[in-house]
Amino acid sequence: PVLLGCGSAQPGGCPALCECSEPARTVKCVNRNLTAVPPDLPPYVRSLFITGNPLTDLPAGAFPAQRLPDLASLNLSGNHLRIVEAGSLALPALRQLDLSGNALVSFSPEAFGEGGSPLEELSLRGALRDHGVLLSLAALLQSGALRNLSRLELADNGLLLLPAGMFTALPALRQLDLSNNSLVGLRNVSFQGLGQLQSLNLSDNSLGVLWNSTLAQFRSLPALRHIALGRNTWVCDCAIEDLVAWLKESDQVEGKEALTCASPDKMLGKALLKINGSDLNCSVPTDLPSQLQTSYVFLGIVLALIGAIFLLVLYLNRKGIKKWMHNIRDACRDHMEGYHYRYEINADPRLTNLSSNSDV
C-alpha cells in the first residue's frame, strides 16, 4: 500500500495509481484518470493494462523499447485514444495489442517502427469509426510491418466496405473477425495469400449475396474450416444461386442450416439450403450489368461495321452518285428558273397582258 501511494516509483518499483505484481510481471493502471502513459513503468513488466482512462494520445516513445524489453501484452482498451503516432508501439517483444473501445482518428502506418513488429494478435473492436483511420490501417497492413499477425479483430466498427488488398500482406493470419459491421459486399476484398487462415467471421453484417469470385477464393484456402455467415440480409433472387450451391457442397460454414432469406417478401424466412431453381424463377441472366456491357460492346461493333459498309458503297459508286447529284442540281435549277420566269411575268403588268392575249 505504501508503494501504491507513492508519487513516483523507484527503479523496478510501481508507478503511482497503478497496481504491480513482480512475480506475475504484470502492471495494471485501470480507471485511474490517467492522461498519459506512466513514464516510470518497471522494466520487468510483461503484461500491461492501461484501460478506462482519459488517455487521448500515444506519442512516439510512449513505451520506450530499451526500458520495456519484455513487454509482450499491451491492453489499451476503453480509453479515449484518438491518435497513435509513429514509433509509439515500437516494442521488440510485443505479441498482443488491444485497442478496442477507443475512438481512433489517426493511426500512423509507422506506429510499430520501421523494422516491422513481432505482433501476433491485434484487436480493434469498435475503434475504427473514422474512415480515414481505416485507410491508415490498410496501409499499415499492406506495408508488411505485421507479417507475423495471426489474429485480427475488426468487429463492431460499422464498416461498409473494405479497402482493396487490405489483407494481402498477412501470410500468417489464422483468425479474422469482421462480425457486427455493415459490410454490403466482398467483391473488392482479396483473401489470396492467406494460406494459414482457419477462421473467418462475417456474421451480423449486411451481406446480400456472395459472388462466385469470392466463393472460389474460399474454396482455394486449404486451412479455412470455419466461416460464420449468420444474421446477414440474404437476397434470395437469381444472383444467390452460386451461394446456395456452394453451401450445399461445402463443410466450411458453421450453422449453415440456420441461414435464411431476408428478401424478397415471398422468400422471407426460407432456409437457403432449401432453395431450388423453381423458387427463384431465373429466366433473366443473373449478372445483368455484365450482360448489358457485353450487349453495348456488340452493338458498337455492329454499328461500326454498318458504317464501314456504307462508306465502302459510297466509294465504289462515287461516279454514279456524282452524276446523280448533277442531275438533281440541274433539275432544281430548271425548276427554280421556271419559278423566276413566272415571278417576272406576274410582276410586270405589260407582260401579264401579253400572256393573257390568246393571239399572242
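Everything numeric here is computed off the predicted structure, so don't read it as measured data.

Another aspect to go through is the environment of Leu-215. Position of Leu-215 among the secondary structure elements: in helix α2 (residues 212–220). Since its relative accessible area comes to 0%, Leu-215 is described here as buried. The spacing of Leu-215 and Leu-243 is 28 residues in sequence and 7.5 Å in space, taken between C-alpha atoms. If sequence neighbours within four positions are ignored, Leu-215 has contacts with Leu-210, Asp-242, Leu-243 and Trp-246.

Per-residue pLDDT for the protein has a mean of 88; in total, 88% of the residues score no lower than 70. Between residues 1–11, whose pLDDT stays under 50, and residues either more than four places distant or in other chains, the model counts twelve contacts.

Our focus in this paragraph is the sheet that holds strand β6 (residues 83–84). The sheet built from three strands is open, its strands ordered β4-β6-β8 with parallel pairing. What marks the edges here is a single partner per strand, and that holds for β4 (57–58) and β8 (106–107). In this structure, β6 lies alongside β8, joined through two bridges in parallel fashion. For Ile-83, the partnering residue across the bridge sits in β8 and is Ser-106.

Here we take up the nonpolar core. Grouped together as the largest cluster of nonpolar side chains are 86 residues, with contacts concentrated most on Phe-63 and Phe-167. The leading source of residues in this core is helix α1 (residues 131–142), at six residues. Look past the residues within four positions of Phe-167 in its chain and what remains in contact with it is Leu-152, Leu-154, Leu-162, Leu-176, Leu-178, Val-189, Ser-190 and Leu-194.

Right, let's talk about the UniProt feature "domain: LRRNT" (unreviewed entry) in the protein for a bit. In the numbering adopted here, UniProt assigns the feature "domain: LRRNT" (unreviewed entry) to residues 13–47. For residues 13–47, the helix share is 0%, the strand share is 26%, and the end-to-end C-alpha distance is 15 Å.

With that out of the way, let us pick up the UniProt feature "transmembrane region" (unreviewed entry) in the protein. Following the UniProt record, the feature "transmembrane region" (unreviewed entry) maps to residues 296–316 here. Across residues 296–316 one finds 100% helix and 0% strand; the C-alpha atoms that close the span lie 30 Å apart.

Moving on, we get to the environment of Leu-152. Residue placement: Leu-152 occurs in strand β10 (residues 151–153). When its relative accessible area of 0% is taken as the criterion, Leu-152 is described as buried. Along the primary structure Leu-152 and Glu-121 are separated by 31 residues, whereas in three dimensions their C-alpha atoms are 6.1 Å apart. Leu-152 has contacts with Leu-122, Leu-141, Phe-167, Leu-170, Leu-173, Gln-175, Leu-176 and Asp-177, leaving out every residue within four places of it along the chain.

For the rest of this paragraph, the subject is the pattern of salt bridges. For the structure shown, the criterion picks out eleven salt bridges. Linking Glu-19 and Arg-32 is a salt bridge whose minimum nitrogen-to-oxygen distance equals 3.3 Å. Taken as a pair, Glu-19 in strand β1 (residues 19–21) and Arg-32 in the loop between β2 (26–30) and β3 (47–51) lie far apart in primary sequence, 13 residues in all. For Arg-32, a relative accessible area of 33% corresponds to the partly exposed category. Two residues, Arg-95 and Glu-120, come together in a salt bridge whose shortest N-O distance is 3.8 Å. On the criterion of sequence distance, the pair formed by Arg-95 in the loop between β6 and β7 (96–98) and Glu-120 in the loop between β8 and β9 (121–123) is long-range, its members being 25 residues apart. You can call Arg-95 partly exposed: its relative accessible area is 32%. Because the salt bridges share partners, they merge into one network encompassing Glu-121, Arg-125, Arg-151, Glu-153, Asp-156 and Asp-177.

Reading the values: the criteria
- Residue numbers run consecutively from 1 along every chain, following the written order of its sequence.
- Only residues with pLDDT of at least 70 are given local features in this predicted model, and only at 80 or more are side-chain atom pairs given and counted; all residues enter the totals for whole chains, interfaces and linings.
- Derived side-chain values reflect all non-hydrogen atoms in the structure, with water molecules and hydrogen atoms excluded from consideration.
- Secondary structure elements follow DSSP: runs of H or I of four or more residues count as helices, runs of E of two or more count as strands, with numbering from the N terminus.
- Buried, partly exposed and exposed residues are distinguished by accessible area as a fraction of the type maximum, computed with a 1.4 Å probe on protein chains only: under 20%, between the cut-offs, and over 50%, respectively.
- The contact definition used throughout considers only heavy atoms, calling two residues in contact when any of these lie within 4.5 Å.
- The predictor attaches a confidence to each residue, called pLDDT, with possible values from 0 through 100.
- DSSP-based pairing: two strands are paired if at least 2 bridges between them are found.
- Take the buried Ala, Val, Leu, Ile, Met, Phe, Trp, Tyr and Cys residues and link them wherever side-chain atoms come within 4.5 Å; each set so joined is a nonpolar core.
- UniProt positions are given in the numbering used here, feature names are shortened, and annotations may be inferred rather than shown by experiment.
- By convention in these notes, a salt bridge is any Lys or Arg side-chain nitrogen within 4 Å of a carboxyl oxygen on Asp or Glu.

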